[in-house]
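Notes for the structure review
Now for the letters of each chain:
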Amino acid sequence: MKIGVTTFVTDNGIGPVPLGRALEERDFESFFMPEHTHIPVSRESPFMPMTAKAHLVLAGERVPPEMSAGDLPEKYARTPDPLVALSAMAAVTSRLLVGTGILLVAQRDPIILAKQVASLDHLSGGRFLFGVAAGWNREEMRNHGTDPRQRNAVLRERILAMKEIWTREKAEFHGTHVDFDPILSWPKPLSHPHPPILVGGEGHPSYRRAQEYGDGWAPIYGGDAEGLARQITRFRAEAEVTGAPVPPVTVFWAPADPAVLGTLAAAGVERVLLDLPWATEADSLRHLDRLVGAREEFLGRA
């Protein structure tokens, strides 16, 4: 099982350049960076920590739309653009894979985003992993002109349209939410046929999306390793019966717990991304060394 790291990179925490160097020096496989283009001052969309929501989904419970766990942490509004930050990280590393975890595709123009992704993948030597999802902040989506009720349909069409741009000399797409006549766009991604697309989200709907248009499924660790392992087993059994593709699994925001890592490895998880706490540069490096210790203990048990 591959082991990477995820955290919020912000203007007042550790930056992408020192973090990238530190991750490669410590032999982590990958780094994934979340994003928000902005955070509206309005709090119409209740905030729930990602792991808390994932825990409810794992338990088979409905996530109440009004459920909130308090104020949105400051770090959500302070993230730089992930494609710019990951470009800086890729420029000072040579082995580290860099990824979005996740990028809010329903809030971005697909032609521009296809160019940005292809450029980053090309310039990094094919080291980009494209984590995507539709997002949860309805006010944020509306500011980009996206109807929150249509966000998953918009996500799907934009991914399909970008695949056309990446893989065809003359690309065109005609859908409900994306529509353009033949275009020329370079560079093409160095990864063939394009960077791996990891579809984020919890539960069966996100797994189905990963089967349809992704190259992997990226659920969030919800505090129950055994529950997530059982869910993965159920989804794979269903895929075997129906003949559907079985997407490899990348688990986000996992704790630095060797026992948890062992359970996820036994479930066939391809990659685990350890949760690096958001902190200053000095504190982040100390936390990173703790993650190294947990990784080495897990590998020693394996």
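Structure: above.
Next up on the list: the overall build of the protein. The helix and strand inventory of the protein stands at ten helices and ten strands. In summary, the protein has a C-alpha radius of gyration of 19 Å against a globular reference of 19 Å for 302 residues, a match within 12%. Dimensions along the principal axes, computed over C-alpha positions, put the protein at roughly 55 × 45 × 45 Å. Within the protein, the fraction of its 302 residues that count as buried is 52%. Of the contacts made within the protein by residues no fewer than 6 positions apart, 70% connect residues no fewer than 24 positions apart. Total accessible area on the protein stands at roughly 13,100 Å², and carbon and sulfur atoms take up 53% of it.

Throughout the structure, instances matching the rule amount to 17 salt bridges. For Asp-289, the salt bridge identified is with Arg-26, shortest N-O distance 2.8 Å. Here Asp-289 is found in helix α10 (residues 281–301), whereas its partner Arg-26 is found in the loop between α1 (16–25) and β2 (30–33), with 263 residues between them in sequence. Given a relative accessible area of 42%, Asp-289 falls into the partly exposed group.

For the rest of this paragraph, the subject is the nonpolar core. Where a protein is soluble and globular, its nonpolar side chains tend to be buried together. Grouped together as the largest cluster of nonpolar side chains are 63 residues, with contacts concentrated most on Phe-28, Phe-31, Val-105, Phe-130 and Ile-159. Per element, the largest residue contribution to this core is six residues, and it comes from helix α6 (residues 151–167). Those residues in contact with Phe-28 that lie beyond four places of it in its chain are Ile-3, Gly-4, Val-5, Leu-23, Leu-96, Leu-274, Leu-288, Leu-291, Val-292 and Arg-295. Among the nonpolar cores identified, the runner-up in size contains 13 residues, and Phe-8, Ala-218, Ile-220 and Trp-253 belong to it.

Two elements in contact, helix α9 (residues 258–266) and α10, have axes whose closest approach is 9 Å; the angle formed by their N-to-C orientations is 50°. When the interaxial angle is binned, α9 and α10 end up oblique. Between α9 and α10 lies a crossing of right-handed hand. Contacts between α9 and α10 involve Pro-258, Ala-259, Leu-261, Gly-262 and Ala-265 on the former and, on the latter, Ala-294, Glu-297, Phe-298 and Arg-301. Taken together, the residues of the contact of α9 with α10 break down into six nonpolar, one polar and two charged.

Evaluated as defined, the whole model comprises eight aromatic pairs. When the ring of Phe-32 is compared with that of Phe-252, the centres are 5.4 Å apart and the planes differ by 85°; the resulting orientation is edge-to-face. Of this pair, Phe-32 sits in strand β2 while Phe-252 sits in strand β9 (residues 250–254); the two residues are 220 residues apart in sequence, bridging distant segments of the chain. Across the pair, Phe-252 and Phe-32 agree in class, each one buried. A connected cluster of aromatic rings, assembled from ring pairs, spans Phe-8, Tyr-76 and Trp-253. Above the face of the Trp-186 ring, Lys-188 is positioned so that its terminal group lies 5.1 Å from the ring centre. Over the face of the ring belonging to Phe-28 we find Arg-295, whose NZ or CZ atom lies 4.5 Å from the ring centre.

Further remarks concern helix α8 (residues 225–242). The terminal C-alpha atoms of α8 lie 26 Å apart, and with 18 residues this matches the ideal 26 Å at 1.5 Å per residue to within 8%. What α8 keeps buried is the set Ala-225, Gly-227, Leu-228, Ala-229, Gln-231, Ile-232, Phe-235, Arg-236 and Ala-239. Gly-243 sits one or two residues past α8 and shows a positive phi near 80°.

Thresholds, definitions, all that
- Residues numbered from 1 in each chain as written.
- Predicted model: local features only at pLDDT ≥ 70, side-chain atom pairs only at ≥ 80, totals over all residues.
- Heavy atoms only, no water.
- Helix = DSSP H or I, 4+ residues; strand = E, 2+ residues; numbered from the N terminus.
- Rg over C-alpha atoms; globule rule 2.2 N^0.38 Å.
- Buried < 20%, exposed > 50% of the residue type's maximum accessible area, 1.4 Å probe, protein only.
- Contact = heavy atoms within 4.5 Å.
- Areas by Shrake-Rupley, 256 points an atom, 1.4 Å probe, with all protein chains shown as cover.
- Salt bridge = Lys/Arg side-chain N within 4 Å of Asp/Glu carboxyl O.
- Core = buried A, V, L, I, M, F, W, Y, C linked by side-chain atoms within 4.5 Å.
- Axes fitted to C-alpha atoms, helices over the stretch in contact; angles between N-to-C directions.
- Parallel < 35°, antiparallel > 145°, perpendicular 65-115°, else oblique.
- Left-handed = near helix turned anticlockwise from the far one by under 90°.
- Nonpolar A, V, L, I, M, F, W, Y, C, P; charged D, E, K, R; others polar.
- Phe/Tyr/Trp six-rings, centres within 6.5 Å; stacked < 30°, edge-to-face > 60°.
- Lys NZ or Arg CZ within 6 Å of the ring centre and 35° of its normal.
- Expected span 1.5 Å × (residues − 1).

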